Every structure is written in structure tokens, then in C-alpha cells.
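Chain and residue survey
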Amino acid sequence: VPEDQADKLLLASWGLPKAVVEKYHGLGVVQMFEWQAECLMLGQVLEGKNLIYSAPTSAGKTLVAELLILKRVLETRKKALLILPFVSVAKEKKCYLQ
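Cut-offs used in this document
Residues numbered from 1 in each chain as written. Predicted model: local features only at pLDDT ≥ 70, side-chain atom pairs only at ≥ 80, totals over all residues. Heavy atoms only, no water. Helix = DSSP H or I, 4+ residues; strand = E, 2+ residues; numbered from the N terminus. Buried < 20%, exposed > 50% of the residue type's maximum accessible area, 1.4 Å probe, protein only. Core = buried A, V, L, I, M, F, W, Y, C linked by side-chain atoms within 4.5 Å. Contact = heavy atoms within 4.5 Å. Salt bridge = Lys/Arg side-chain N within 4 Å of Asp/Glu carboxyl O. UniProt positions renumbered as here; feature names shortened; annotations may be inferred. Axes fitted to C-alpha atoms, helices over the stretch in contact; angles between N-to-C directions. Left-handed = near helix turned anticlockwise from the far one by under 90°. Nonpolar A, V, L, I, M, F, W, Y, C, P; charged D, E, K, R; others polar.

Under an unreviewed UniProt entry, the name given to the protein is DPOLQ polymerase, and the organism recorded is Peucedramus taeniatus.

Dropping the structure here:
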């Protein structure tokens, strides 16, 4: 992330509703890693274009997907489908996103 865009690391900089940002803050997520912000700033990803990214387990891939989904759902008022690999993860995300 270029130095002049360091604020892009903060979740509050991405135009999410205050309630969503506060929920993330309550879970200890205040800012992203640089690679996560870079993913969101690539091309036209925020306008719905495709993104393929890879990172190790527990690196924060899900946060990128959640932010992309949340922004698109809130901006377009359309539904989204989030596919997760395990029932336990799906149950956890259901509670988390509610």
C-alpha cells in the first residue's frame, strides 16, 4: 500500500456502515494487513470484477471476501453467496455475519 494510502488499512476507510465497523472492532479487527488492502484496491474488484488470491491458513483471506461481499450487498441491494469448506466454519460465519 503506498504511503499516501496508509489509511486504506483501516476498516473504517472502506465505506462500511458504522455498525459493521464497530462489530469488527469489537472482535479486535481494526485494520487489515497490507496485502488485504492491496487485494481490495486491485483493478475493479470493488465493482464486482473477479479476484483470485492465495495466502496461508489463518492469514486473513476470509476478511477480504467478507468485505467484498458486504460492500456489494450494501451497494447493490442484491444477495450474495458465500461458500465455505466446513459446516463448523459456516455456522461460525452465520453467527458472525448476523
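There is more to say, and it comes next.
Observations concerning the side chain of K71
When you line up the elements, K71 lands in helix α3 (residues 61-76). Overall, K71 belongs to the buried group, its relative accessible area being 12%.

Overview of the nonpolar core
Formed by 16 residues in total, the largest nonpolar core has its most connected members in Y24, M32, L40 and L67. Residue assignment for this core shows that the elements contributing at least two residues are α1 (18-26), α2 (34-41) and α3. For this core, the leading source of residues is α3, giving five residues. Y24 has contacts with L11, V29, L63, E66, L67, L70 and Y96, leaving out every residue within four places of it along the chain.

Quick notes on the pattern of salt bridges
All chains considered together, the criterion is met by three salt bridges. Here E22 and K18 are joined by a salt bridge, their closest N and O atoms 3.8 Å apart. Highlighted residues: E22 and K18, both in helix α1, separated by four residues, approximately one helical turn. Exposure remark for E22: the relative accessible area of 44% places this residue in the partly exposed category. Residue classification places K18 among the exposed positions, given a relative accessible area of 63%. In this structure, the salt-bridge partner of E66 is K93, at a minimum N-O distance of 2.7 Å. Highlighted residues: E66 in helix α3 and K93 in helix α4 (residues 87-97), separated in sequence by 27 residues. Residue E66 shares its accessibility class with K93, and that shared class is buried.

Description of the UniProt feature "domain: DEAD/DEAH-box helicase" (unreviewed entry) in the protein
According to UniProt, the "domain: DEAD/DEAH-box helicase" (unreviewed entry) feature falls on residues 43-92. Annotated as residues 43-92, this span is 44% helix and 0% strand, and its ends, taken at the C-alpha atoms, are 31 Å apart.

Things to note about the packing of α2 against α3
In contact at an axis separation of 10 Å, α2 and α3 are set at 35° when each is read in the N-to-C sense. As α2 packs across α3, the resulting crossing turns out to be right-handed. Residues W35, Q36, C39 and L40 of α2 touch α3, and the partners they reach there are K61, L63, V64, L67 and L68. Residue composition of the contact of α2 with α3, by class: seven nonpolar, one polar and one charged.

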